[in-house]
Amino acid sequence: MKYKLEIAKPFGTKSSLRAGIRRFVPLIAEERGHIAVALVAMLVSSGATLVAPVIIGRATDTYIRLKDTRGLMLSALVLLAVYCVGIAASYTQILTMGSVGRRVLFALRNTLFTKLQDLPLAFFNENKAGDLISRVNNDTDKLNQFVSQALMQFVSSLFLMTGVAIFVLSLNIRMAAAALLPAFGVLVVTKLTSGWVKRRNLKSLQSLGGLSSEIQESLHNFKVIVAFNRMDYFQRKFKVVNDANYTASVSTGFANNIFMPLYGFSNHLAQLLVVAYGIVLIESGQLTAGLLIGFLLYVNSFYGPMRQLATVWSSFQLALAGMDRISEVLALESNMPVVSGGPRQSDSVLEFRNVCFQYPGGKDVLRDVDLTLEKGKAYALVGPTGGGKTTMASLMARLYDPTEGSVFLNGCDIRSVAPAERARKVGYIPQEPFLFTGTVRENIVYGNEDYADYSTDQLAALLGKSNLSSLLARFPEGLESPVTSGGNSISLGQKQLIAFMRATLRKPELLILDEATANIDTVTEQLLEEILDRLPPETTRVIIAHRLNTIDNVDQIFFVNSGGVTLAGSMEHAVDMLLHEKRAS
Ligand SMILES: Nc1ncnc2c1ncn2[C@@H]1O[C@H](COP(=O)(O)OP(=O)(O)OP(=O)(O)O)[C@@H](O)[C@H]1O
Ligand SMILES: [Mg+2]
């Protein structure tokens with residue numbers, strides 16, 4: 001499956017619009033009760049707008065003509081009441097939809113974040129974190145803005161315009177035609193340019209994603225920036241994306257607003273047509289002055305919402321573009337599903353059978369690899385840098401699935417083992433351990449949920465039982481030592497120790513150590529070896545190491561190089577193979 005999200009894909013196709021709306025409707029459906037309240041409030045406030053010109057027209061034609069002050073006062077009071085009801089209804093509608101929008105935003109961010117958690121590593125290899133953050137933060141907010149501020153305006157504007165159109169058509173068809181003619185012109189122009197406006201909006205969101213990616217990368221690399229004193233490099237790169245974002249937002253603003261004056265102009269044009277034609281009709285006795293005033297007010301009640309619709313339309317376009325980018329992520333499915341498959345007859349802990357692997361878009365890293373790991377034995381993977389050792393470890397922990405062939409865990413296809421069971425059986429200490437901001441304790445418990453409720457003393461005692469106390473002593477405040485900014489506050493060796501405790505505490509059946517002692521002093525390394533020796537005898541160990549002295553106690557050594565895995569009979573043989581490989585290259 002392809003996991004690269006499209007950065008500049010064509011937008012606005014009917015199917016993408018349909019897909020976006022299909023995903024949007026269930027979110028809105030949850031809120032149907034509140035939307036119904038807002039809809040009723042909107043109808044009441046629109047009704048008030050529609051009724052007011054009738055009252056004014058009637059007052060002009062009857063009470064003013066007859067100089068009936070009492071009737072006129074009464075009309076004014078009724079008008080005041082109508083306006084008050086209209087304001088109260090409109091207030092209810094704004095408040096209700098505001099809270100609906102925030103809940104939709106909340107649900108959408110949750111859905112998107114859950115989806116991101118569910119996607120395989122291949123997805124994260126191919127997409128920039130900054131762009132994904134922008135999708136979770138900015139794109140969802142475009143939808144919130146549309147739902148909370150624009151959706152009801154959108155519906156009420158359409159409702160008002162339809163209501164007014166029906167009203168004026170029923171009053172006087174020819175006057176109505178004069179009033180509505182400019183609106184048709186605007187409709188045609190909007191229809192012709194909507195594709196272009198949509199594309200501009202999508203471009204603006206994409207450039208915002210690019211901007212976040214750039215910021216994220218430079219913040220991540222701040223140590224290198226300072227060390228090489230290359231602030232100018234990221235400044236230049238940032239300037240490029242910031243310029244692109246600026247140009248995109250200026251051009252989106254232009255596209256969204258260019259037709260605004262057109263709406264004002266069409267309103268004036270309609271009033272002019274109505275007045276001119278109205279005077280002709282009054283002179284020939286076919287129209288009263290009150291009706292003409294009523295008509296003029298209706299023209300305003302039609303073109304006012306139309307101008308509002310234009311503002312709302314740009315918010316709608318932005319929301320659609322945001323939904324398009326969100327849908328793209330939601331539509332992805334993990335390519336690592338749990339498949340059904342029965343166990344084979346096998347005593348091995350882990351097997352590779354004809355395993356081939358390549359990273360998406362990359363060359364073959366492993367070719368036709370066969371390998372069997374037995375219970376309780378220790379194995380070493382050695383080989384030159386870039387030979388494929390970490391890739392093999394990743395396949396053993398099912399971070400990726402093989403492109404061809406199969407990996408078996410306890411005789412079962414690893415793809416059929418439930419993730420929780422696989423995580424319990426396989427303990428993996430990666431080459432670059434990642435820690436979360438918090439304490440040492442939280443980072444250890446992260447991989448051992450069963451101990452989440454343990455007090456610090458209980459957990460320390462448990463670590464003692466697993467012979468891990470000596471490692472904990474390397475932290476001045478023990479389990480409560482702080483870990484800040486994703487592990488930046490502690491040394492790489494200390495990170496590896498935490499990763500080691502995290503993985504061994506759960507007593508996995510298969511423990512994989514990828515260069516787990518590369519940054520650790522010789523004394524501590526000795527401690528780790530003693531801990532490994534005291535693991536339950538049935539634990540299978542896979543040790544990846546460049547320093548060959550760290551693997552002198554293993555049962556078998558595999559030499560991993562350029563896609564192939566061969567058995568090196570002894571340590572001397574492995575050293576020969578490495579030297580030979582070095583000379584050849
Ligand atoms: N995420 C990735 N995407 C694409 N190619 C990758 C990725 N990770 C590794 N590779 C490529 O796969 C090959 C094997 O990499 P791997 O990390 O398995 O090597 P290694 O033997 O662990 O090296 P080292 O000893 O430096 O840790 C390399 O050519 C590398 O460029
Ligand atoms: Mg590696």
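Each value, and the rule that gives it
- Residues numbered from 1 in each chain as written.
- Chains lettered and ligands numbered in written order.
- Predicted model: local features only at pLDDT ≥ 70, side-chain atom pairs only at ≥ 80, totals over all residues.
- Heavy atoms only, no water.
- Helix = DSSP H or I, 4+ residues; strand = E, 2+ residues; numbered from the N terminus.
- Rg over C-alpha atoms; globule rule 2.2 N^0.38 Å.
- Buried < 20%, exposed > 50% of the residue type's maximum accessible area, 1.4 Å probe, protein only.
- Areas by Shrake-Rupley, 256 points an atom, 1.4 Å probe, with all protein chains shown as cover.
- Lys, Arg positive; Asp, Glu negative; His and termini not counted.
- Charge placed at Lys NZ, Arg CZ, Asp CG, Glu CD.
- Near = heavy atom within 4 Å.
- Polar contact = N/O pair within 3.5 Å; in protein donor to acceptor, adjacent residues only side chain to side chain.
- Nonpolar A, V, L, I, M, F, W, Y, C, P; charged D, E, K, R; others polar.
- Donors = N, O, S within 2.8 Å, 3.2 Å for Na, K, Ca; no water.
- Core = buried A, V, L, I, M, F, W, Y, C linked by side-chain atoms within 4.5 Å.
- Contact = heavy atoms within 4.5 Å.
- Pairing = 2+ DSSP bridges.
- Axes fitted to C-alpha atoms, helices over the stretch in contact; angles between N-to-C directions.
- Domains from an automatic or database assignment.
- Salt bridge = Lys/Arg side-chain N within 4 Å of Asp/Glu carboxyl O.
- Phe/Tyr/Trp six-rings, centres within 6.5 Å; stacked < 30°, edge-to-face > 60°.
- Patch = residues over 30% accessible without salt bridge, like charges linked within 9 Å, V, L, I, M, F, W, Y side chains within 5 Å.

A. Main features of the overall build of the protein. Within the protein, the secondary structure is distributed over 18 helices and 12 strands. Scaling as 2.2 N^0.38, a compact globule of 585 residues should have a C-alpha radius of gyration of about 25 Å, whereas the protein reaches 35 Å, well beyond that. With the C-alpha coordinates aligned to their principal axes, the bounding extent of the protein is approximately 115 × 55 × 55 Å. Each of the 585 residues in the protein was classed as buried or not, and the buried ones make up 47%. When the accessible surface of the protein is totalled, it reaches about 29800 Å², and 61% of it is carbon and sulfur. Side chains of the protein give 56 positive and 50 negative charges; the mean places of these two sets differ by 12 Å.

B. Quick look at the site of ligand 1. Surveying the vicinity of ligand 1 reveals 14 residues, the closest of which are G386, K389, T390, T391 and Q431. One of the backbone N or O atoms of G386 is found 2.8 Å from an oxygen atom in ligand 1. Contact between ligand 1 and T391: an oxygen atom at 2.5 Å from a side-chain N or O atom of the residue. Its free accessible area being 630 Å², ligand 1 has 66% of it covered by the protein chains. At 3 residues, the largest contribution of residues to the shell around ligand 1 is made by helix 11 (residues 389-396). Split into classes, the residues belonging to the shell around ligand 1 amount to 3 nonpolar, 9 polar and 2 charged.

C. Quick look at the coordination of the magnesium ion (ligand 2). Those donors, T390 (OG1) and Q431 (OE1), are the protein atoms that reach the magnesium ion (ligand 2), and they lie 1.9 to 2.3 Å from it. Here the residue T390 occupies a position in helix 11, and Q431 occupies one in the loop between strand 6 (426-429) and strand 7 (438-439), the gap between them amounting to 41 residues. The class for T390 is partly exposed, based on a relative accessible area of 28%.

D. Molecular detail of the nonpolar core. Counting 60 residues, the largest nonpolar core has M97, F146, F302 and M306 as its most contacted members. Residue assignment for this core shows that the elements contributing at least two residues are helix 1 (14-29), helix 2 (32-64), helix 3 (69-118), helix 5 (129-171), helix 6 (173-220), helix 9 (260-283) and helix 10 (289-330). If you tally residues by element for this core, the top one is helix 10, at 17 residues. Setting aside chain neighbours within four positions, we find M306 in contact with M161, A183, V186, Y263 and S266. Ranked by size, the runner-up nonpolar core spans 46 residues in total, among them V440, A499, I520 and V554.

E. Representation of the sheet that holds strand 11 (residues 556-561) in the model. In spatial order, the strands read 6-9-10-3-11-12; together these 6 strands make up an open sheet with mixed pairing. Two strands in the sheet have a free side with no partner beyond their single neighbour: strand 6 and strand 12 (564-568). Strand after strand, the sheet turns through a mean of 20° between neighbouring axes, direction not considered. With 4 bridges connecting them, strand 3 (residues 378-382) and strand 10 (residues 540-544) associate as parallel partners.

F. Molecular detail of the domain arrangement of the protein. Here the protein is described as being made up of domain 1 (14-330) and domain 2 (350-584). Just the C-alpha atoms count here: the centres of domain 1 and domain 2 sit 55 Å apart. Facing 6 residues of domain 1, the contacting portion of domain 2 comprises 5 residues. Where domain 1 packs against domain 2, one counts 0 salt bridges. Here domain 1 is connected to domain 2 by 1 residue pair in polar contact (both at pLDDT 80 or more). Those elements that provide at least two residues to the side of domain 1 that touches domain 2 are helix 4 (121-126) and helix 7 (222-227).

G. The arrangement of the pairing of strand 3 in detail. A large share of strand 3 lies buried, amounting to 5 of its 5 residues. Every second residue of strand 3 is oriented toward a common face, with A378, A380 and V382 on one face and Y379 and L381 on the other, all of them buried. With 4 bridges joining them, strand 3 and strand 11 adopt parallel strand pairing. The residue bridging Y379 from the neighbouring strand is Q556, located in strand 11.

H. Here's a closer look at the packing of aromatic side chains. A full pass over the atoms with the stated rule returns 14 aromatic pairs. Here F146 and F316 contribute two aromatic rings whose centre-to-centre distance is 5.2 Å and whose plane-to-plane angle is 40°, an arrangement assigned as tilted. Linking F146 in helix 5 with F316 in helix 10, this pair joins segments that are 170 residues apart in sequence. Look at F146 and you get buried, because its relative accessible area is 4%. For F316, a relative accessible area of 19% corresponds to the buried category.

I. Main features of a nonpolar patch on the surface. On the surface, L181, F265, L269, L272 and L273 cluster together to form a nonpolar patch covering roughly 490 Å² of accessible area. With 4 residues, the single largest contributor to the nonpolar patch is helix 9. For L269, a relative accessible area of 33% puts it in the partly exposed group.

J. Quick look at the environment of D450. Checked against the element boundaries, D450 lands in the loop between helix 13 (440-446) and helix 14 (456-465). Using a relative accessible area of 67% as the deciding quantity, one classes D450 as exposed. Separated by 56 residues in sequence, D450 and R506 have C-alpha atoms that sit 9.2 Å apart.

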